[in-house]
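These are the residues of each chain, in order.
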Amino acid sequence: NKQVVLKNYVVGFPKESDMNIVVGTITLNVPQGSSDMLVKNLYLSCDPYMRLLMTKEENPSLGVVTYTPHSPLTGHGVSQVVESGNPDYEKGDLVYAMTKWEEYSLIPSSQIRFKIEHTDVPLSYYIGILGMPGITAYTGFFELGSPKKRENVYVSAASGAVGHLVGQFAKLSGCYVVGSAGSKEKVDLLKNKLGFDEAFNYKEEQDLNAILKRYFPEGIDIYFENVGGKALDAVLPNMRLHGRIPVCGMVSQYNLAQPEGVTNLAHLIFKRVKMEGFIVTDFCHLFPKFLEFVLPLVREGKVVYLEDIVEGLENAPAALVGLFNGRNVGKQVVDVGHH
Ligand code: NDP
């Protein structure tokens, strides 16, 4: 049973060498009387929050326990039931679950988020647009952002799993949308393939404040925050009266021992801005409503969904590390490789 294990707790930027590929053993059946599930993992999800679990200190409010050195990483996955100790599932069922970075996993049945019912769409979509990143974009944008037609929306990390969906949800809502990303190719993608009105490469801009003023002469109504630090600081003076900032993530801060200071917070007062953090797991009850919204969009091709798929567990560490240098375009997926 091939596994990706954490070698040691990580300090600073994660490296491929912080993880090891090992071959562990697993008995391929569910112990008698247990309600656990034996699953074959098909697709695994690479997510920025996983970096926060690579440290020794627990972050209890995150709601996920940190990783243990020499044990497999855990994360969202699409898996197939091999043997079930729970009468709600049977052999062959496809599930979206919190699983482990290995070929086969024995997991408590409580780790299953839902059984996959609609298989007319690619299965890997369930760790992306139809799974956690999708509902994150949906909840953050619609529930916290409360968009109105013709409002001005700025999305950072806009070509990533969450960002590229937020931008398209905003366009579908009749908003003006600008995104930022870390390369020329990503900027072209945002403008030419994903329908953003404007996009810029933040790595090439010396003065983020000036570029935001140029794209938002009347100010930003909704800033979908994925990045934090300097990006947030530049946005604050450019917010419009009664603007909203759903705080989804701060990927620029996760590897820093000392978070960057943000100096412009007083603009929250002047502009009466509502800035609100959220964790998507608090919104799981919205899954049925969310799928009802997003499945038709996927089926009718009304949203473009970008996946970046690497093949094989041996390439998973590089894929995960790549989230922090922008290697991925769209949702980073690991295809475990046995379908
Ligand atoms: P992405 O697919 O967007 O991957 C991360 C991207 O972030 C990279 O591709 C890179 O793109 C960009 N990035 C990395 N480092 C920096 C940096 N220092 N400055 C600016 N951009 C950077 O990941 P997700 O879509 O899965 O996640 C996006 C955000 O949403 C993250 O902050 C994540 O933690 C958060 N999140 C929060 C959830 C919640 O419940 N609150 C749930 C899911 C995600 P580029 O080339 O543009 O630099």
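Residues numbered from 1 in each chain as written. Predicted model: local features only at pLDDT ≥ 70, side-chain atom pairs only at ≥ 80, totals over all residues.

1. What to know about the overall build of the protein
At step 1: Secondary structure summary: the protein contains eight helices and 15 strands in total.
At step 2: Rg of the C-alpha trace for the protein: 20 Å, near the compact-globule value of 20 Å for 339 residues, within the 12% margin.
At step 3: Taken over the C-alpha atoms alone, the protein extends approximately 65 × 45 × 35 Å along its principal axes.
At step 4: Looking at the protein as a whole, 44% of its 339 residues qualify as buried.
At step 5: Intrachain contacts of the protein at a sequence separation of at least 6 include 66% that bridge at least 24 residues. (Helix = DSSP H or I, 4+ residues; strand = E, 2+ residues; numbered from the N terminus. Rg over C-alpha atoms; globule rule 2.2 N^0.38 Å. Buried ≥ 20, exposed ≤ 12 C-beta atoms within 10 Å, placed from the backbone. Contact = placed C-beta atoms within 7 Å.)

2. Considerations on helix H2 (residues 163-172)
At step 1: Counted residue by residue, H2 has eight buried out of 10 residues, so it is predominantly covered.
At step 2: Packing partners of the buried residues in H2 comprise helix H1 (132-144), strand S8 (152-155), strand S9 (176-181), helix H3 (184-192) and strand S11 (220-224).
At step 3: Following H2 by one or two positions, Gly174 has its phi on the positive side, about 80°.

3. Focus: the domain arrangement of the protein
At step 1: If you check the domain split of the protein, you get domain 1 (2-128 + 305-335) and domain 2 (132-281).
At step 2: At the interface, 16 residues of domain 1 touch 17 residues of domain 2.
At step 3: Looking at the side of domain 1 that touches domain 2 residue by residue, the class counts come to six nonpolar, eight polar and two charged. (Domains from an automatic or database assignment. Nonpolar A, V, L, I, M, F, W, Y, C, P; charged D, E, K, R; others polar.)

4. Regarding unusual backbone geometry
At step 1: Backbone geometry at Ala157 places phi at a positive 45°, although glycine is not the residue there.
At step 2: Residue classification places Ala157 among the buried residues on the basis of 28 C-beta atoms within 10 Å.

5. Some details on the UniProt feature "domain: Oxidoreductase N-terminal" (unreviewed entry) in the protein
At step 1: On the UniProt side, "domain: Oxidoreductase N-terminal" (unreviewed entry) is annotated at positions that read residues 2-111 here.
At step 2: For residues 2-111, helix accounts for 0% and strand for 37%, while the C-alpha atoms at its two ends are 21 Å apart. (UniProt positions renumbered as here; feature names shortened; annotations may be inferred.)

6. Thoughts on the UniProt feature "domain: Alcohol dehydrogenase-like C-terminal" (unreviewed entry) in the protein
At step 1: According to UniProt, the positions carrying the feature "domain: Alcohol dehydrogenase-like C-terminal" (unreviewed entry) are residues 161-294.
At step 2: Span residues 161-294 is 34% helix and 21% strand, its end C-alpha atoms 15 Å apart.

7. A word on the sheet that holds S11
At step 1: Read across the sheet, six strands follow the order S10-S9-S8-S11-S12-S13 without closing on themselves; strand pairing throughout is parallel. One side of each edge strand has no neighbouring strand; the edge strands of this open sheet are strand S10 (198-201) and strand S13 (274-277). Adjacent strand axes in the sheet meet at a mean angle of 15° when their direction is disregarded.
At step 2: By the bridge criterion, four bridges tie strand S12 (residues 239-247) to S13 in an arrangement that is parallel. When the bridges of S13 are listed, Val247 appears paired with Gly277. (Pairing = 2+ DSSP bridges. Axes fitted to C-alpha atoms, helices over the stretch in contact; angles between N-to-C directions.)

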